[in-house]
Structure formats: C-alpha cells, structure tokens
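Breakdown of the fold
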Amino acid sequence: MADTGDIICGTESISDGVVIRVSGDIDFSRSPQLREGLLGAINDGPARLVIDLNDVPYMDSSGLASLVEVFKAQNAAGGKLVLCNLQSKVRGIFEIAKLDQIFKIADDVEQATTV
Amino acid sequence: MQDNAPFAIQIASQPRLLCAVRDAVERLAGQWGLAGEDAGRVVLAVDEALANVIRHGYRGQEDRPIWLKLWPIQQGDRRGIRVVIEDECEPVDPATIKGRDLDEIRPGGLGTHIMRKAMDRVEYSRRVDQAGMRVEMEKLNSPAEAPAQKG
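These lines cover the structure that appears in this document, whether it is placed above or below.

Rules and cut-offs
Residues numbered from 1 in each chain as written. Chains lettered and ligands numbered in written order. Predicted model: local features only at pLDDT ≥ 70, side-chain atom pairs only at ≥ 80, totals over all residues. Heavy atoms only, no water. Helix = DSSP H or I, 4+ residues; strand = E, 2+ residues; numbered from the N terminus. Buried < 20%, exposed > 50% of the residue type's maximum accessible area, 1.4 Å probe, protein only. Contact = heavy atoms within 4.5 Å. Areas by Shrake-Rupley, 256 points an atom, 1.4 Å probe, with all protein chains shown as cover. Buried area = accessible area lost by both parts, 1.4 Å probe. Salt bridge = Lys/Arg side-chain N within 4 Å of Asp/Glu carboxyl O. Polar contact = N/O pair within 3.5 Å; in protein donor to acceptor, adjacent residues only side chain to side chain. Expected span 1.5 Å × (residues − 1).

This part is about the overall build of chain B. Looking only at helices and strands, one finds three helices and five strands in chain B. Starting at the N terminus, the α and β elements of chain B follow one another as β-α-α-β-β-α-β-β. Expressed as a percentage of the 151 residues in chain B, the buried residues total 48%. Taking the contacts inside chain B whose residues are at least 6 apart along the sequence as the reference set, 66% of them involve residues at least 24 apart. Looking at chain B as shown, the accessible area adds up to about 7,700 Å², and 46% of this sits on carbon and sulfur atoms.

Here it is as structure tokens:
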C-alpha cells in the first residue's frame, strides 16, 4: 500500500461509496501522497467518492492536478466524485483554474452524499 | 531599488521548504498592504513559481539554489508587492512560457496560468550576465481592500 503519510486523516463508508477526509496544505511536496491515497481508494470501486477538504487550508496546482487525475479515473470507472467543505483559499484556486465548473462541489458531507 | 530588497533569501530546491516561504510571503504581503484574497493570490503565485523552478527547471534536484526577493511598492493610494525569483536553470525562451488552454481537462500545466491570473504582472526573462532564469511579478491591493492607514 502506498505511503500516504498523514494527508488522509480518515475514511468513512457510506451507502454507495466512501468519504475521505484530507488534512493539511496540499502542495508540491504532499500532492503525490494525496494522489496515491485517492487512487488507492477508487481501486475498491466506490460508486461515490466524497473528498472532504474541511481541514485543507491551502492547495496549489499540483494538488489540483492530483484531483483531476482521480476525477478522470473515477469517471472512467463510471463512478461519481464530489468535493465538499472547501475553504475560501482552496475554492479560489478552483475558480482561477475554472475547475469549479468541472467538479461537483458540495457545501458539506451531507450534501455531498446526495448530489 | 532592485538591488536593495528588504527581504531576500536563498533556499535550496526542496519542495518541503515551500510551506515556510508561503508563511513569510503572506506575513510580508499583509505588512505591505495586501490583505485577504489579495495576499492569498501573492502566496499562490510565489508558490507556483518556486514549484515550477524545482519541477521543470531543476527537474527535481533538491540541492540547487533559488533566490527570492520581495519589495513593497506603491502606486497612488494603492500598495502592493514586487517579487523576483531567480535560479540557475537552463535558460529557455521566455516567450515559450505560457499557461495551457483551460478547456482541456487534464492534470498539470496550470501553474503558469495561475500565476498570471493571481498577479497584475508576470514577466519572465533570462538573467543578465549569469546562468538561469528570472521571473518578476507585481500585485497591488484591490481598491476595495486598500487600508486607510499607511506606513
């Protein structure tokens, strides 16, 4: 299993998939761990992958790239990926990259499990 | 003015050092009149520029030098920051450094686009009489965020 360090701080099963909680800044030094952890999670074939970013105060383009890769893999597998609890700085980089128009973004975990 | 930066550091090309640089840039941006989203955009642009040097310029080598200099700037009532980042990377034609088309949904290639969106000015050049590249960026605070107090 890939070493994902402490970047993935929790997982919770839901009826049609899994919620993954991510923690800390997602930058060039940590995005490979995020990528490995999330790609490992979709190996189990969840219909819905919810990524809770409540504890992520900062993300750079390498973090976005990791999420795009997971998004494409999850789409290819016929599953759904939903992001939730984005802090303002993180939402800002999604808007700059226009990825807020591509990803499903929910306000919280509860909403993410129903969209 | 360019040679008397009030903040000038040399760092090694190690990704795990970027968090410390982000903290320093955010604090100085705040001191020099950039708050909230403006300060966050400067932090993002500097972080992206440094990551580009490490990833593309030095191809992941962790023992190469990067120089970061910061100045406060002012235009009328608006205050802001000038950033210069220099390295010893293999020089490239500055005109070839462009962000990719955002309509293409794929990982990677977003850093330069983000820098240009985050800052008012981003200018790449080759270092004069020295090996390496240089990027100079500026950002002034948004008029709505311009603080009344100066100093």
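Now for the interface of chain A and chain B. Residue-level contacts link 22 residues of chain A with 24 residues of chain B. When chain A packs against chain B, close to 1,900 Å² is buried across both sides, 68% of that on carbon and sulfur atoms. D27(A) is paired through a salt bridge with R22(B); the nearest N and O atoms lie 2.9 Å apart. Taken together, the connections running from chain A to chain B amount to six residue pairs in polar contact (both at pLDDT 80 or more). When contributions to the side of chain A that touches chain B are tallied by element, the ones reaching two or more residues are α2 (61-76) and α3 (88-96) of chain A. By residue number, the principal contributor to the side of chain A that touches chain B is α2(A), which donates seven residues.

Spanning 16 residues, α2(A) covers 22 Å between terminal C-alpha atoms, matching the ideal 22 Å at 1.5 Å per step. Those residues of α2(A) not exposed but buried are S61(A), S62(A), G63(A), L64(A), A65(A), S66(A), L67(A), V68(A), V70(A), F71(A) and Q74(A). Those residues of α2(A) hidden inside the fold are in contact with α1 (31-42), β3 (48-55), β4 (80-84) and α3 of chain A together with α2 (36-57) and α3 (111-118) of chain B.

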